[in-house]
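A look at the structure
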Amino acid sequence: MKVEVMKNILGENDKIAEENRKLFKEKKVFVINLMGSPGSGKTSLLERTIANLKDKLKMAVIEGDLFTAKDAERIERHNVPVIQINTAGGCHLDAPMVKRAAESLDLDALDLIIVENVGNLVCPAEFDVGENIKAVVLSITEGDDKPLKYPLIFKESAVAILNKIDILKFTNFNLESAREDLTTIHPDIKIIETSCTTAEGLDKWYEFLLNTV
Ligand code: MG
Ligand code: ZN
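So, a few notes on the structure that sits alongside this text. This structure is a prediction, so every number in the text was calculated from the model and none was measured.

A few words now on the coordination of the magnesium ion (ligand 1). With distances of 2.0 to 2.1 Å, the protein atoms coordinating the magnesium ion (ligand 1) are Thr 43 (OG1), Asp 71 (OD) and Glu 116 (OE). Read N to C, the donor residues that coordinate the magnesium ion (ligand 1) are spaced as T-x27-D-x44-E. One end of the pair, Asp 71, is in helix α3 (residues 70-76); the other, Glu 116, is in strand β4 (residues 112-116), with 45 residues separating them in the sequence. In this structure, Asp 71 and Glu 116 share a single accessibility class: buried.

Another aspect to go through is the packing of aromatic side chains. In the structure shown here, the tally under the stated rule is one aromatic pair. Both rings, one in Trp 205 and one in Phe 208, keep their centres 6.0 Å apart while their planes meet at 15°; by these two values the pair is stacked. One end of the pair is Trp 205 and the other is Phe 208, both in helix α8 (residues 202-212) and three residues apart, which spans about a single turn. Owing to a relative accessible area of 2%, Trp 205 belongs among the buried residues under this scheme.

Moving on, we get to the side chain of Asn 20. Note that Asn 20 resides in helix α1 (residues 2-26). Polar side-chain contacts of Asn 20 include one of 3.1 Å to the backbone oxygen of Ala 95. Within the local environment of Asn 20, its side chain forms a polar contact with the backbone oxygen of Val 129, the two atoms lying 3.0 Å apart. Residues contacting Asn 20, with those up to four places away along its chain left out, are Ala 95, Val 98, Lys 99, Val 129 and Gly 130.

What follows is about the coordination of the zinc ion (ligand 2). Looking at the zinc ion (ligand 2), one finds its protein donor set to be Cys 91 (SG), His 92 (ND1) and Cys 123 (SG), positioned 2.0 to 2.2 Å from the metal centre. Here the donor residues for the zinc ion (ligand 2) map to a single chain with the spacing C-H-x30-C. In this pair, His 92 sits in the loop between β3 (82-86) and α4 (95-103) while Cys 123 sits in the loop between β4 and β5 (133-139), placing the two residues 31 residues apart along the sequence. Across the pair, Cys 123 and His 92 agree in class, each one buried.

Moving on, we get to α4. For α4, the set of buried residues is Ala 95, Met 97, Val 98, Ala 101 and Ala 102. Angularly, the buried residues of α4 cover 155° about the axis, an arc narrow enough to put them on a single face. Turned more than 90 degrees away from the buried face of α4, the exposed residues are Arg 100 and Glu 103. Between the side-chain oxygen at the start of α4 and the backbone nitrogen of Met 97 there is a gap of 3.0 Å, and the oxygen is on Asp 94.

Before going further, it helps to spend a moment on a nonpolar patch on the surface. Judged by side-chain polarity, Val 5, Met 6 and Ile 9 come together as a nonpolar surface patch covering roughly 230 Å² of accessible area. Along the chain, the position of Met 6 falls in helix α1. Taking relative accessible area as the criterion, Met 6 reaches 32% and is therefore assigned partly exposed.

Cut-offs and rules
- Residues numbered from 1 in each chain as written.
- Chains lettered and ligands numbered in written order.
- Predicted model: local features only at pLDDT ≥ 70, side-chain atom pairs only at ≥ 80, totals over all residues.
- Heavy atoms only, no water.
- Donors = N, O, S within 2.8 Å, 3.2 Å for Na, K, Ca; no water.
- Helix = DSSP H or I, 4+ residues; strand = E, 2+ residues; numbered from the N terminus.
- Buried < 20%, exposed > 50% of the residue type's maximum accessible area, 1.4 Å probe, protein only.
- Phe/Tyr/Trp six-rings, centres within 6.5 Å; stacked < 30°, edge-to-face > 60°.
- Polar contact = N/O pair within 3.5 Å; in protein donor to acceptor, adjacent residues only side chain to side chain.
- Contact = heavy atoms within 4.5 Å.
- Arc of directions from axis to C-beta.
- Patch = residues over 30% accessible without salt bridge, like charges linked within 9 Å, V, L, I, M, F, W, Y side chains within 5 Å.
- Areas by Shrake-Rupley, 256 points an atom, 1.4 Å probe, with all protein chains shown as cover.
- Salt bridge = Lys/Arg side-chain N within 4 Å of Asp/Glu carboxyl O.

Here it is in structure tokens:
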């Protein structure tokens, strides 16, 4: 019974996700579904990205948050359009939520929308929102065991950002085994090590965006 319900929910979601994807394609807007745990640095990465690329790419952000507008307020300071979605406790964004948010954006004026998903390594990966690619942020403080423990999100993501690389030396995070596990789960995944504090590695992320969008 439970399996049937889940199938129907995903079926309905996928239908709207396809409509979203079609609309984004028509409007020539590239969409990234940015996922990762709470505190992994998704919003910090977005702030850095907007500050560095907003003259090259016309960007907007859709911010998924459980209850607050804290992340959206951080993005708003950078003068790009930002649409807040409060999931009222819901642990992921789905395609209908992104559809409603996109209705408030001028898609003709955009090259790129980054959707910051709710902080969670599990179900955001199960819900297609109509994105072109998924990206996952994994911070050094979360531990190198996370790729094997939450394989789906890494399997689904075109790129994994290993964030907070500046504090690697203070932790027991094994970079080599994390890289190995990521590649085992997803042979084609692009791995970028970054620090939003020191800016280390961010140039590789920007280069990836400029080449991909
Ligand atoms: Mg955030
Ligand atoms: Zn969920």
